[in-house]
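Report on the structure
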Amino acid sequence: MNKQKLLITEYLILLTALAVLFFLSLSTGSVKVDIFSNPDSTGRQIIYEIRLPRALLAAASGGALAISGYLLQTFFRNPIAGPYVLGISSGAKMTAAIMMIAVTKAGAVILSAEMIAASFIGAMFSTAVIVLLSFRIRRMEVLLVAGIMMSYICSAVTEFIVTFADESSIVNLHGWSQGSFSGAAFPETGEMAVFVIVISFLVFLLSKPLEAFRVGEIYAKSMGINLRAFSLLIIILSSLLSAVVTAFAGPVSFIGIAVPFMLRKIMKSTRPFHVIPALFLMGAFITMLCDLLARTLLLPAELPLSTVTAAFGAPMVLVMMAGRRRKNELP
């Protein structure tokens, strides 16, 4: 009973913190708007056309990246695995950039579904390379370096392709490649949020087999789980979540690593049934906080989102690696 009360308390704290930050995101910016009073037409326009879709996009993206990182860490059995570090986000960025340039040159308007599909192809490509390397590379720190090299390769290809884009596309691509929620607008943000919630709910439905998979392959087989099919499903769901974020906001760094690490330190339960919803809430909170800092620290200028998320998440990776070294474990 005490465990249940503690779990409920943890969820209530997360929900309350997220709600407070959400209202703060709507009211804070270069123009202060009191959302609890009756704002004028300009204030309502700022809230409903700029800040509300941006806050929703940040929340959905953070939840998606946190769950994507959790799935990758479960698959690779490594707490440092994440969509950004393993080059999955860079692969998605590469194919999304190709799609953006190709569609722009053709004089057409790119659709959300096309961006998601292009990002998913790139994410799956990078993931496939890392999975194939994992069969030959047993040491996880070497696999991590391989993921970073994959990220550099995809980034180099992206920069090469960008040289063939026109000036307006280059400006848009530059801002997008740094990670940003500034272009958020309805109805695209609503579509993205629904997509993320559906995929996250599918992951939640896999809580029981995920718990068995985390115990070990032998135990998972004894529970009747087809390991090959289940592993493929984990990779596909993780890549979809990472791809949809990259399609709408560009690559966002370190959220997929930092949030699961923080939750392991804060939350007492390790069961996926309890952890997955909490991951979504904490990922939404951390990403909204980083976005709020990115757009308010240097008003009226705006920092690239990945600059803030890297400053937040990179030290946690160092802490994780140092902690595992002290235990004589591989990172």
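Provided above is the structure to which this section pertains.
All figures in this text were calculated on a predicted structure; none of them were measured in a lab.

1. Brief notes about the overall build of the chain
Each helix and strand counted, the chain has 13 helices and zero strands in total. Going from the N terminus to the C terminus, the chain shows its helices and strands as α-α-α-α-α-α-α-α-α-α-α-α-α. The C-alpha atoms of the chain give a radius of gyration of 20 Å, which matches the 20 Å a tight globule of 331 residues would have. In terms of overall dimensions, the chain has a C-alpha envelope of 60 × 55 × 35 Å along the principal axes.

2. Describing the packing of aromatic side chains
Pairs of aromatic rings are described using the distance from one ring centre to the other and the angle between the two planes. All told, the structure shown has four aromatic pairs when counted by the stated rule. Residues phenylalanine 22 and phenylalanine 23 carry aromatic rings whose centres are separated by 6.0 Å and whose planes lie at 75° to one another, so their mutual orientation is edge-to-face. A residue is classified by how much of its surface remains accessible, and phenylalanine 23, at 37% relative accessible area, is partly exposed. A network of ring pairs unites the aromatic residues Phe201, Phe204 and Phe273 as a single cluster. Residue placement shows arginine 77 over the ring face of phenylalanine 213; its charged tip is 4.9 Å from the ring centre.

3. Describing the packing of helix α2 (residues 41–76) against helix α12 (residues 272–296)
Contact geometry for α2 and α12: axes closest at 7 Å, N-to-C directions at 135°. As summarised for this structure, α2 and α12 are arranged oblique, according to the angle between their axes. For the pair α2 and α12, the crossing hand works out as right-handed. The segment α2 lies against α12, with Arg51, Arg54, Ala55, Ala58, Ala59, Ala60, Gly62, Gly63, Ala64, Ala66, Ile67 and Tyr70 engaging Pro272, Val275, Ile276, Leu279, Phe280, Gly283, Ala284, Thr287, Met288, Asp291 and Arg295. Looking at the contact of α2 with α12 residue by residue, the class counts come to 15 nonpolar, four polar and four charged.

4. Considering the nonpolar core
Among the nonpolar cores identified, the biggest contains 95 residues, and Ile67, Phe76, Leu210, Leu279 and Met288 are the most heavily contacted of them. It is α2 that provides the largest number of residues to this core, a total of 16 residues. Those residues within four positions of leucine 279 in sequence are excluded, and the remaining contacts are Ala66, Ile67, Tyr70, Val259, Pro260 and Leu263.

5. Focus: a nonpolar patch on the surface
A contiguous nonpolar surface patch, about 470 Å² in accessible area, is contributed by Val194, Val198, Phe201, Leu202 and Leu205. Looking at where valine 194 falls in the secondary structure, it is placed in helix α7 (residues 188–205). Residue classification places valine 194 among the exposed residues on the basis of a relative accessible area of 51%.

6. Some details on unusual backbone geometry
A negative phi angle characterises most non-glycine residues, just as the trans form characterises most peptide bonds. The omega torsion of the bond from phenylalanine 186 to proline 187 falls at 5°, within 30 degrees of zero and hence cis. We note that phenylalanine 254 has phi near 70°; this positive angle belongs to a residue other than glycine. Of note, phenylalanine 254 is situated in the loop between α10 (227–249) and α11 (255–266). We classify phenylalanine 254 as buried; its relative accessible area is 17%.

7. Description of the packing of helix α1 (residues 2–27) against α2
In contact at an axis separation of 9 Å, α1 and α2 are set at 145° when each is read in the N-to-C sense. Relative to α2, the crossing made by α1 is right-handed. Each of Phe22, Ser25, Leu26 and Ser27 in α1 lies in contact with α2, whose residues at this interface are Ile47, Arg51, Leu52, Ala55 and Leu56. When grouped by side-chain class, the residues that make up the contact of α1 with α2 number six nonpolar, two polar and one charged.

8. Some details on the side chain of threonine 158
For threonine 158, the location among the structural elements is in helix α5 (residues 140–162). A polar contact is formed between the side chain of threonine 158 and the backbone oxygen of cysteine 154, at a distance of 2.8 Å. Those residues in contact with threonine 158 that sit more than four places away from it in its chain are Lys93, Met94 and Ala97.

Conventions used here
- Residues numbered from 1 in each chain as written.
- Predicted model: local features only at pLDDT ≥ 70, side-chain atom pairs only at ≥ 80, totals over all residues.
- Heavy atoms only, no water.
- Helix = DSSP H or I, 4+ residues; strand = E, 2+ residues; numbered from the N terminus.
- Rg over C-alpha atoms; globule rule 2.2 N^0.38 Å.
- Phe/Tyr/Trp six-rings, centres within 6.5 Å; stacked < 30°, edge-to-face > 60°.
- Buried < 20%, exposed > 50% of the residue type's maximum accessible area, 1.4 Å probe, protein only.
- Lys NZ or Arg CZ within 6 Å of the ring centre and 35° of its normal.
- Axes fitted to C-alpha atoms, helices over the stretch in contact; angles between N-to-C directions.
- Parallel < 35°, antiparallel > 145°, perpendicular 65-115°, else oblique.
- Left-handed = near helix turned anticlockwise from the far one by under 90°.
- Contact = heavy atoms within 4.5 Å.
- Nonpolar A, V, L, I, M, F, W, Y, C, P; charged D, E, K, R; others polar.
- Core = buried A, V, L, I, M, F, W, Y, C linked by side-chain atoms within 4.5 Å.
- Patch = residues over 30% accessible without salt bridge, like charges linked within 9 Å, V, L, I, M, F, W, Y side chains within 5 Å.
- Areas by Shrake-Rupley, 256 points an atom, 1.4 Å probe, with all protein chains shown as cover.
- Salt bridge = Lys/Arg side-chain N within 4 Å of Asp/Glu carboxyl O.
- Polar contact = N/O pair within 3.5 Å; in protein donor to acceptor, adjacent residues only side chain to side chain.

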